[in-house]
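Coordinate analysis (summary)
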Number of protein chains: 2
Amino acid sequence: MFDLKRYLLERASWINERLADFVPSIYAKPFLLSEAIHYSLFAGGKRLRPILCVASAEAAGGDGEAALPVACALEMIHTYSLVHDDLPCMDDDDYRRGKLTSHKVYGENMAILVGDALLTHAFTVLSSYGAEDPAARLQIIREISRAAGPSGMVAGQTQDVLSEGRAVDPETLEYIHVHKTGDMFAAAIRSGAMTAGAPDRMLDALTEYAEAFGMAFQITDDILDMAGDSGKMGKTAGGDNKLGKGTYPSLFGLERSREMARDFIRKGLRALEALPEERTEPLRAIIEYLAGRET
Amino acid sequence: MFDLKRYLLERASWINERLADFVPSIYAKPFLLSEAIHYSLFAGGKRLRPILCVASAEAAGGDGEAALPVACALEMIHTYSLVHDDLPCMDDDDYRRGKLTSHKVYGENMAILVGDALLTHAFTVLSSYGAEDPAARLQIIREISRAAGPSGMVAGQTQDVLSEGRAVDPETLEYIHVHKTGDMFAAAIRSGAMTAGAPDRMLDALTEYAEAFGMAFQITDDILDMAGDSGKMGKTAGGDNKLGKGTYPSLFGLERSREMARDFIRKGLRALEALPEERTEPLRAIIEYLAGRET
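1. Things to note about the packing of helix 8 (residues 153-163) of chain A against helix 6 (residues 108-128) of chain B
Close contact between helix 8 of chain A and helix 6 of chain B brings their axes to 10 Å; oriented N to C, the two are set at 170°. As far as their axial angle goes, helix 6 of chain B and helix 8 of chain A are roughly antiparallel. Contact residues: helix 8 of chain A offers A:Val154, A:Gln157, A:Thr158, A:Val161 and A:Leu162, while helix 6 of chain B offers B:Asn109, B:Met110, B:Leu113, B:Asp116 and B:Ala117. Per-class residue counts for the contact of helix 8 of chain A with helix 6 of chain B are 6 nonpolar, 3 polar and 1 charged.

2. Points about helix 14 (residues 254-271) of chain B
Residues and elements named next belong to chain B. An ideal rise of 1.5 Å per residue puts 26 Å on 18 residues; helix 14 measures up with 26 Å between its terminal C-alpha atoms. Of all the residues in helix 14, the buried ones are Ser257, Met260, Ala261, Ile265, Gly268, Leu269 and Ala271. The secondary structure elements touched by the buried residues of helix 14 are helix 10 (200-227), helix 13 (248-252) and helix 15 (281-290).

3. As for the relation of the copies chain B and chain A
Each of the two chain copies can be brought onto the other by rotation about an axis and movement along it. Rotating chain B by 180° and translating it 0.0 Å along the rotation axis places it on chain A, where the RMSD comes to 0.0 Å. In symmetry terms, the pair is related by a two-fold rotation axis. Among all residues of chain B, the minimum C-alpha distance to the rotation axis is found for B:Pro134, at 2.7 Å. Most of the interface of chain B is mirrored in chain A, where 100% of its interface residues are also at the interface.

4. Observations concerning the side chain of A:Lys180
Residues and elements named next belong to chain A. By the secondary structure assignment, Lys180 is in helix 9 (residues 170-195). A polar side-chain atom of Lys180 sits 2.7 Å from a polar atom in the side chain of Asp160. Lys180 has contacts with Asp85, Asp91, Met153, Gly156, Gln157, Asp160 and Lys245, leaving out every residue within four places of it along the chain.

5. Re helix 15 of chain B
Those residues of helix 15 of chain B not exposed but buried are B:Pro282, B:Leu283, B:Ala285, B:Ile286, B:Ile287 and B:Leu290. For helix 15 of chain B, the elements touching its buried residues are helix 1 (4-22), helix 3 (48-59), helix 10 and helix 14 of chain B.

6. Looking at the interface of chain B and chain A
Chain B puts 44 residues into the contact, and the matching count from chain A is 44 residues. Together chain B and chain A conceal approximately 3900 Å² of surface at their shared face, both sides included; 74% is due to carbon and sulfur atoms. Sorting the residues of chain B by area buried against chain A places B:Thr120, B:Leu138 and B:Pro150 first, and these three jointly supply 15% of that buried surface. On inspection of chain B and its partner chain A, the count reaches 0 salt bridges. Counting across the interface, chain B meets chain A through 8 residue pairs in polar contact (both at pLDDT 80 or more). With 14 residues, helix 6 of chain B is the largest single contributor of residues to the side of chain B that touches chain A.

7. What about unusual backbone geometry?
Put simply, A:Lys29 and A:Pro30 share a cis peptide bond, and its omega is -15°. Looking at the secondary structure, you find A:Pro30 in the loop between helix 1 (4-22) and helix 2 (31-41). In this structure, A:Arg97 takes a positive phi of about 50° despite not being glycine. Relative to the helices and strands, A:Arg97 resides in the loop between strand 1 (95-96) and strand 2 (99-100). Positive phi values are uncommon outside glycine, yet B:Arg47 reaches one of about 60°. Relative to the assigned elements, B:Arg47 resides in the loop between helix 2 (31-41) and helix 3.

8. Overview of the environment of B:Met110
Its location among the elements puts B:Met110 in helix 6. Sequence separation between B:Met110 and B:Leu32 is 78 residues, and the spatial gap between their C-alpha atoms is 8.4 Å. Those residues in contact with B:Met110 that lie beyond four places of it in its chain are A:Thr158, A:Leu162, B:Leu32, B:Leu33 and B:Ala36.

9. Focus: the pattern of salt bridges
Counted according to the given criterion, the structure contains 22 salt bridges over all chains. The salt bridge involving A:Lys180 is made with A:Asp160; its shortest N-O contact spans 2.7 Å. On the criterion of sequence distance, the pair formed by A:Lys180 in helix 9 and A:Asp160 in helix 8 is long-range, its members being 20 residues apart. A single burial state applies to A:Lys180 and to A:Asp160, both of which are buried. Between B:Asp85 and B:Lys180 there is a salt bridge, with the nearest N and O atoms lying 3.9 Å from each other. With a gap of 95 residues between them, B:Asp85 in helix 4 (residues 68-85) and B:Lys180 in helix 9 (residues 170-195) connect regions that are remote in the sequence. Residue class for B:Asp85 comes out buried when judged on its relative accessible area of 11%. By sharing partners, the salt bridges in this structure join A:Glu10, A:Arg11 and A:Glu58 into a single network.

So, how was this worked out
- Residues numbered from 1 in each chain as written.
- Chains lettered and ligands numbered in written order.
- Predicted model: local features only at pLDDT ≥ 70, side-chain atom pairs only at ≥ 80, totals over all residues.
- Heavy atoms only, no water.
- Axes fitted to C-alpha atoms, helices over the stretch in contact; angles between N-to-C directions.
- Helix = DSSP H or I, 4+ residues; strand = E, 2+ residues; numbered from the N terminus.
- Parallel < 35°, antiparallel > 145°, perpendicular 65-115°, else oblique.
- Contact = heavy atoms within 4.5 Å.
- Nonpolar A, V, L, I, M, F, W, Y, C, P; charged D, E, K, R; others polar.
- Expected span 1.5 Å × (residues − 1).
- Buried < 20%, exposed > 50% of the residue type's maximum accessible area, 1.4 Å probe, protein only.
- Least-squares fit on C-alpha atoms with pLDDT ≥ 70 in both.
- Polar contact = N/O pair within 3.5 Å; in protein donor to acceptor, adjacent residues only side chain to side chain.
- Buried area = accessible area lost by both parts, 1.4 Å probe.
- Salt bridge = Lys/Arg side-chain N within 4 Å of Asp/Glu carboxyl O.

Here it is as structure tokens:
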């Protein structure tokens, strides 16, 4: 029987250890920048994106540890996006993962610089470490920068900001989620497989898994935001609703949303059937876990 | 007789043409993001960093046009840094190059997203285009991301923000300038040479030139800010002083500052003597131009 909890803890500890190596030391000048980078990067994130990257490398027959530079770069980009999204002129969040957000502790200017630093440093890590051949590393940089950039995550966040306080149609809601969240999940899973030199057929199957994962994640996120327990989540439940944001439960109702999430989970599991079963246990367990997630 | 004005105009038009190709179309969704990216990227910048990149590739015996993807990525990163530095919580500037700054036109949230988009997209360009072999392209990405990141430009900007309204000593002033401005000049000149496959000896000479260039540029910038003509500069003269920022003229006086700038220009010219004279005309003319710059 596959022990998901143990797998997640072990992979998260690999990632935390390497993240601490890759990021500028807390004693690097300017001290306040280093301290603020560490504050957000080690604020208790679940490390879901880097774990998916490592699990995908393993599913593709590669060595999970060899994917760690890519995995850590993904977490830096994810953290930058949270720090900037939390700013007063964006989502204006005071808490994240149960702790004060960067700008509440260090000020808005430092929070912007922390995000800029983490985003840029991710590309130093991607270009400096990793055992893949140079052409594969370039392909990974292209994959990740596209997913994070103006036709990926930034496009999703822009549409999200522009939609605030307006009624969004299902098409716009999907656009926001696909780009704001889905593109980076896809990049995490695809780039992990690329570190293992996965052939196209395998990459296609993992891409299908990734797209289903992203949708299931986002729908369960919306459900949690509406129905969840603020204490467990470390942020205020109902936050999206407060900003007048469209969500799956607000458009389709809770019951139909839960059904949609289950459909995407089944779709993701089906996609994995193209890979050797014994290597896909972690990816299967992680997507199944979404159905019951509480945080 | 070398015609610097013509050289600068021609290279700037190469760069503007390729920039328009590389950046998301103005018709790309979300429209407001694309429009805001174009607004800042085509706001009349001098294209100094990309021109130096191209000129350095030529000085190293390479093809200037082959350096254009790298040159354009450098301009995207430079533009992102201006857009974020102009924000109310940073330098709070309403005008840049004679036009309203991004956040004044599109709002703070859009200005942050424009910067994030340009920074990320620069790495898509660097990883997607260019004739250099993959190992050289990785080296260029490493060079540029380090110069822009938490031990480069972001460190300089952080120290600048932290020093506002305080008396800075000459050491701190140099730290700010070396990292905020110098590191990206060095990356522009070094990465240009890398596109041409420059040998180490040549790269060392160009690095020396670049460091001297960065200092001369910054000192003349400070002098202009104190003594310049607001109309010609398109921003308010005395702006640094208003924020209580340390500058070379405020620490050393105008006359001594002009002398220091001339010393760095001489140093830069000397460094170029290690390269074939007929190929360094543009780099020589550009650094000499700093002595008389008015904008």
